[in-house]
Amino acid sequence: VGKHVRALRDAGYSIESAAGSGYRFVSAPDAPVPAEVSRLLRTDFWVRLEGGGVTDSTNDDARRLAEAGAAEGTAVLASAQRRGRGRLGRSWTSPEGGVYLSAVLRPALRPADLGPLPLVIALGVARAIKALGASPQLKWPNDVLIDGRKVAGILLELSAEADAVRWVVAGVGVNVDALEGDAAPSATSLREAGAQAGRAQVAASVLDGIAEAYREYLGGGFGPLADEWRARDALAGREVEVRDLAGDLIASGRVTGIGPDGRLLLETRDGPVSVPTGDVTLRR
Ligand code: BTN
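So, here is what we can say about the structure in this document. (Residues numbered from 1 in each chain as written. Predicted model: local features only at pLDDT ≥ 70, side-chain atom pairs only at ≥ 80, totals over all residues. Heavy atoms only, no water.)

**Side note on the overall build of the protein chain**
For step 1, the next point in the chain: Tallying secondary structure elements over the protein chain gives six helices and 16 strands in all.
For step 2, the next point in the chain: Each principal axis of the C-alpha distribution contributes one length, and for the protein chain these read about 80 × 45 × 35 Å.
For step 3, the next point in the chain: Counting over 284 residues, the protein chain shows a buried share of 48%.
For step 4, the next point in the chain: Contacts spanning at least 24 positions in sequence make up 60% of the contacts within the protein chain whose residues lie at least 6 apart.
For step 5, the next point in the chain: Surface exposure of the protein chain reaches about 13500 Å², of which carbon and sulfur atoms provide 49%.
For step 6, the next point in the chain: Where the 34 positive side-chain charges of the protein chain centre and where its 36 negative ones centre are 2 Å apart. (Helix = DSSP H or I, 4+ residues; strand = E, 2+ residues; numbered from the N terminus. Buried < 20%, exposed > 50% of the residue type's maximum accessible area, 1.4 Å probe, protein only. Contact = heavy atoms within 4.5 Å. Areas by Shrake-Rupley, 256 points an atom, 1.4 Å probe, with all protein chains shown as cover. Lys, Arg positive; Asp, Glu negative; His and termini not counted. Charge placed at Lys NZ, Arg CZ, Asp CG, Glu CD.)

**Thoughts on the side chain of Asp279**
For step 1, the next point in the chain: By the element assignment, Asp279 lies in strand E16 (residues 279–282).
For step 2, the next point in the chain: We classify Asp279 as buried; its relative accessible area is 17%.
For step 3, the next point in the chain: Here Arg90 takes part through its side chain, which lies 2.5 Å from a polar atom of the side chain of Asp279.
For step 4, the next point in the chain: Each residue touching Asp279, except ones within four places of it in the same chain, is listed here: Arg87, Leu88, Arg90, Glu241, Val242 and Arg243. (Polar contact = N/O pair within 3.5 Å; in protein donor to acceptor, adjacent residues only side chain to side chain.)

**Points about the pattern of salt bridges**
For step 1, the next point in the chain: Tallied over the entire structure, the rule returns 25 salt bridges.
For step 2, the next point in the chain: Taken together, the shared-partner salt bridges in this structure form one network comprising Asp60, Arg63, Arg85 and Glu157. (Salt bridge = Lys/Arg side-chain N within 4 Å of Asp/Glu carboxyl O.)

**Some words on the packing of helix H4 (residues 117–131) against helix H5 (residues 199–220)**
For step 1, the next point in the chain: Axis separation between H4 and H5 bottoms out at 7 Å; the angle between their running directions is 135°. By the criterion of interaxial angle, the relationship of H4 to H5 is oblique. Along this stretch, H4 crosses H5, giving a crossing that reads as right-handed. Of the residues in H5, those touching H4 at Leu117, Val120, Ile121, Gly124, Val125, Arg127 and Ala128 are Ser205, Val206, Gly209, Ile210, Glu212, Ala213, Tyr214, Glu216 and Tyr217.
For step 2, the next point in the chain: A class-by-class count of the residues in the contact of H4 with H5 yields ten nonpolar, three polar and three charged. (Axes fitted to C-alpha atoms, helices over the stretch in contact; angles between N-to-C directions. Parallel < 35°, antiparallel > 145°, perpendicular 65-115°, else oblique. Left-handed = near helix turned anticlockwise from the far one by under 90°. Nonpolar A, V, L, I, M, F, W, Y, C, P; charged D, E, K, R; others polar.)

Written out as structure tokens, the structure reads:
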């Protein structure tokens, strides 16, 4: 018993002991540890949860598990990351106080049909954040904002053959606790938005939101989800620039919406354009 109590204390559980009268459970850690997250889940999609402590990158961990054959519904959780990765080769600052998780998905789709998947995952995260008491918007392709500031980012990575997807890893980072003073002014957190849930609850809500949106997408395509996405679209009607990985301009114009394939629709000087992927900035 002593050994198990030590292991639980190491994992952040608070347990009192008194000589002769045994142990008393005081509190669970405020961290996304699998044992706490799994009892808060509502969906039956998640078959295996790993991690919960500090790691380099949950996306790297999940990729390794996917390559080793881990089933769809496997997820890796972390309370901090040493080398968090963002979209377009950027880094993702991942201090204690956030929730970092990566899910292994194995959609029976062709790579060419995966266009809407980043938007589907973002919608799942937005639903979770709404359930936690905040009011999220979506910035194409998959940033989640509150009051125009980023609260969660999503990094999708995949392995595929020409006509079959082997695995997708969907990585999500959510700012939960109030941000440090040196955080980007364009970032916010759930606490700053008034949502008080603990980090295990945030992780469970995000996993449930992803599972539900993903299942709806596999069952009925993006069409039934697209209107919900549009209702949260932070870019609709805005003047923007879209750039590629190298920072080169792909298109610039006014956002008219998103297409049924998840593309960003723009009205440019040369007429309507649809963009499959890129990084959007608002034009002054
Ligand atoms: C972005 O907005 O640029 C995407 C950020 C994605 C960060 C998450 S945190 C969990 C997972 N592990 C990583 O290294 N990155 C993703």
